[in-house]
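Fold and geometry: a report
The residues making up each chain are set out below.
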Protein chains: 2
Amino acid sequence: MHPAIAYIQERRDAFVEELKTFCRIPSVSTKSEHKGDMQKAAEWVADSMRVTGLEHVQIVPTAGHPVVYGDWLHAPGKPTALIYGHYDVQPAEPLDLWITGPFDPTVRDGELYARGAVDDKGQVFMHLKALEAHLKTQGSLPVNVKLLIEGEEEIGSPNLDPFIAKHQDILKADVVVISDTAMIAKGAPGITHGLRGLIYFQIDVEGTKSDLHSGSFGGAVINPAFALAQILSQLKDKNGRITIPGFYDDVRRLPAEERRALARLPFTEKKFQKTIGAPALFGEKGFTTLERLWTRPTLEINGLYSGFIGEGAKTVLPGRAMAKVSMRLAPNQDPAKIARLFTQHVKRICPKTVRLKVTEISGRGMPWLAPTDHPAMQAMAQAIQKGFGKKPVFTRTGGTIPVVATFTRLLKVPSLLMGIGLPDENAHAPNEKLDLDNLHHGMLSAAHLWNELAETKLK
Amino acid sequence: MHPAIAYIQERRDAFVEELKTFCRIPSVSTKSEHKGDMQKAAEWVADSMRVTGLEHVQIVPTAGHPVVYGDWLHAPGKPTALIYGHYDVQPAEPLDLWITGPFDPTVRDGELYARGAVDDKGQVFMHLKALEAHLKTQGSLPVNVKLLIEGEEEIGSPNLDPFIAKHQDILKADVVVISDTAMIAKGAPGITHGLRGLIYFQIDVEGTKSDLHSGSFGGAVINPAFALAQILSQLKDKNGRITIPGFYDDVRRLPAEERRALARLPFTEKKFQKTIGAPALFGEKGFTTLERLWTRPTLEINGLYSGFIGEGAKTVLPGRAMAKVSMRLAPNQDPAKIARLFTQHVKRICPKTVRLKVTEISGRGMPWLAPTDHPAMQAMAQAIQKGFGKKPVFTRTGGTIPVVATFTRLLKVPSLLMGIGLPDENAHAPNEKLDLDNLHHGMLSAAHLWNELAETKLK
């Protein structure tokens, strides 16, 4: 057994206690009252990097919460990996739904319950301990590593792109490793190799300068909420297919072989339906749920507002109505092109009796699909097989991780997404938890990864 | 000149000062911090009734704000009129849009600016002074009168129906006089003889138990906001015609003669459009704006909510979506029948992949259309002609005054709607005002009304 692996095996329980100290810090990035806690969490990460044996450890201020950086660069001729994670967490509310306090980490039935346990403190910790295992037993790492742990992921990483752009030379690497995703099911460790892209719009429809009395004016002027409903109902047909002309033109067709691979994954639609509590599943005809989620684009209404939404009745004829509409894009779709098609379509179908404003309100996310036969991908597959004792599956996610696109764009290197979360671990919800078996096997996998990557030609 | 008329002519300016003292009381019925002001306003009305010479004046407690009652019943053999009005006002917010304070009554260019000036303190005051003119100059009234001035009109009169039901004997009358409406234009005094009815619903659509992440789940489950948009867009066609089967079956057809009368009224669509600030007028094909507003039913979305409506972007797939939908009903439509047709239609068109709840959330209002040749109506027309020096026009309103239906149902007597407001006097909005010419001529008309009614056979 490799000494680093033995090191991790021996400390399994001690590591859980150590992770608890990280999870006790309420580093909620969205709330200004936690500014001090954010600093504390950054210091926890920096201290932990130093104990691990990393060098050049520093807490770098940004316009928002600081970034923590550290590296170890004494493996000349070997690949350099940039590890990305985040130390901030989602707000814990509603507090009354937590069985034990969100910042009082507690183990029950092999799971660590705490805000941030899986998203993303546990996964950052996993990497820190895997590096420690190498450095404490060997005095060295098989590869060069750089760590970039930010504090603003849960608020959309507003200062990360500028930070990466500014420090491109320092962050230069051959591969990026990101552990902030989930595997498809317990016992099925995996590699995420695809993400959907994202564009996000706000549609504002104005009928009249101000709200009117629905009795005095109703019937003689357009109702902007009705105009909005008409527009929205013409974005998809009754079968859930998006009706924007040209929308599907560039969507990558799923090869039969990939389809079969998806069908073999440990995923049941029945269980999925039960988890979300829907009366029925619904989506584009001719595709399975996994295909819909991972390989097909979607258009969703994220928000809707007009007039009076309090309790009871108010006879107002609203002056304005608003919808937030976003699209998740499948591989090969171009966010700029789809944004143009969407805007044109909405303008075309909008009744002429209202004023329309279509505004793009969030950064675009590129869809991402990495080849599974890339040498770095295969190295990670090897590492996971050794760490979990199981051949990993290749999965995708329907979500968007903008930092992947940033790394692709700015550093021009492949990203490896090695997530050890589970779909039911309540990231962003009460009773967030982390499976401690997965933490342990993830740590082993991470330790193996550096050995595997050392043997891989990446340049 | 009748002494009562002379009395009013002589006191034109003094009356304005007196009305200001009423308007200075911030009797906002919806806000609990104004409970003391509500009592003060009720006392102002009661004191004013006593000064006028009314008898049995009392402030009657209800489950909410009190009702003020007074009467004068010494004209045996003559008709009895019940005068209804309200002493409560709408909230004044947004305060920064008022040129002078809402409770600091100020005269500019022949208009009294104050919250409640036209709705409804000025119109209650008009009746008090017309009665005073008779009682102070003659020691008597030509008819019997009862006054019922409530304090909860602006919050939907929740305690008025029980009050009227309980005191039917005391309130017994031959005719009800209500001054809480507007004339169609300055210089065109009128009588409102028609109202639309009202039914009001909330539609709740549930897709999943809770909100989901739009990336992880979008495309594989129905979006309830989209299902709601589909439902709403199927309630009216693109021409604004309501598509609920059977909806128009009972709508009273407008006789050609009434159509011609409407067309002669001093109303221009251009000015109407400018007032509401709409890019275009819009409504049921084949009808003028006035016909749409007064004689045709309408279906309006009053409120719309789903998901995230704050600033910026949140990638939520909402679990639920909600709409408030109301219908204004034309004469001969039965609220109970239309409520049934609406509910059936919504259930029929709702996608089966969501849970639907349709709830009626407000009392039903019957449409109302009174014959213009009724003797009481003709008496009021005479009074207005004398008071304003102009033949009144018969108008309707697209709104609903539930108390009219209550009086019709419980007291079984005709209602006379004699409003002296103007369409642009900002009732319910900042800079509410009252035209002082209209107040004066309205007072004269009210004084004449009692003489005219004394000569009218109503029993």
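Just so it is clear, the structure is predicted and the values come from calculations on it, not from any experiment.

1. Concerning the sheet that holds strand β18 (residues 433–435) of chain A
Residue and element names in this part refer to chain A.
- The strand order across the open sheet formed by three strands is β4-β5-β18, and the pairing between neighbours is antiparallel. Because the sheet does not close on itself, it has two edges, and the strands there are β4 (106–108) and β18. Neighbour-to-neighbour, the strand axes of the sheet open up by a mean angle of 25°, direction not taken into account.
- The pairing of strand β5 (residues 111–113) with β18 spans three bridges and is classified as antiparallel. Counted as the bridge partner of Tyr113 is Lys433 from β18.
- Sitting on the sheet, helix α15 (residues 436–454) touches β5 and β18, and the angle it makes with β18 is about 60°.

2. Considering the pairing of strand β2 (residues 67–72) of chain B
All names here are of chain B.
- A large share of β2 lies buried, amounting to six of its six residues.
- Neither face of β2 is left uncovered, since the one carrying Val67, Tyr69 and Asp71 and the one carrying Val68, Gly70 and Trp72 both have all their residues buried.
- Two successive antiparallel strands, strand β1 (residues 55–60) and β2, enclose a turn made up of six residues.
- Inspection of the sheet shows β2 paired to strand β6 (residues 144–150) by five bridges, in the antiparallel sense. Across the sheet, Asp71 pairs through a bridge with Lys146, a residue of β6.

3. Examining unusual backbone geometry
- Pro94 of chain A follows Glu93 of chain A through a cis peptide bond whose omega is 0°.
- Within the secondary structure, Pro94 of chain A sits in the loop between β3 (80–86) and β4.
- A cis amide bond links Asp119 of chain B to the next residue, Asp120 of chain B, at an omega of 10°.
- With respect to the element layout, Asp120 of chain B can be found in helix α4 (residues 117–138).
- Unusually for a residue other than glycine, Asn426 of chain B sits at a positive phi of about 60°.
- With respect to the secondary-structure elements, Asn426 of chain B resides in the loop between β17 (415–417) and β18 (433–435).
- Judged by the 20 C-beta atoms lying within 10 Å of it, Asn426 of chain B falls in the buried class.

4. Regarding the relation of the copies chain B and chain A
- For the pair chain B and chain A, the best superposition has an RMSD of 0.2 Å and corresponds to a rotation of 179° with a translation of 0.1 Å parallel to the axis. The relationship between the two copies is best expressed as a two-fold rotation axis.

5. Some details on the interface of chain B and chain A
- Taken together, the contact between chain B and chain A spans 69 residues of the former and 69 residues of the latter.
- Of all elements in the fold, only β10 (212–213), α7 (214–217), α8 (224–233), α11 (289–294), β11 (298–307), β12 (316–317) and β13 (320–329) of chain B reach the threshold of two or more residues within the side of chain B that touches chain A.
- For the side of chain B that touches chain A, the element with the most residues is β11 of chain B, which contributes nine residues.
- Residues that form the side of chain B that touches chain A fall into these classes: 29 nonpolar, 28 polar and twelve charged.
- The pairing of strand β11 (residues 298–307) of chain A with β11 of chain B spans five bridges and is antiparallel.

What counts, and where the lines are drawn
Residues numbered from 1 in each chain as written. Chains lettered and ligands numbered in written order. Predicted model: local features only at pLDDT ≥ 70, side-chain atom pairs only at ≥ 80, totals over all residues. Pairing = 2+ DSSP bridges. Helix = DSSP H or I, 4+ residues; strand = E, 2+ residues; numbered from the N terminus. Axes fitted to C-alpha atoms, helices over the stretch in contact; angles between N-to-C directions. Contact = placed C-beta atoms within 7 Å. Buried ≥ 20, exposed ≤ 12 C-beta atoms within 10 Å, placed from the backbone. Least-squares fit on C-alpha atoms with pLDDT ≥ 70 in both. Nonpolar A, V, L, I, M, F, W, Y, C, P; charged D, E, K, R; others polar.

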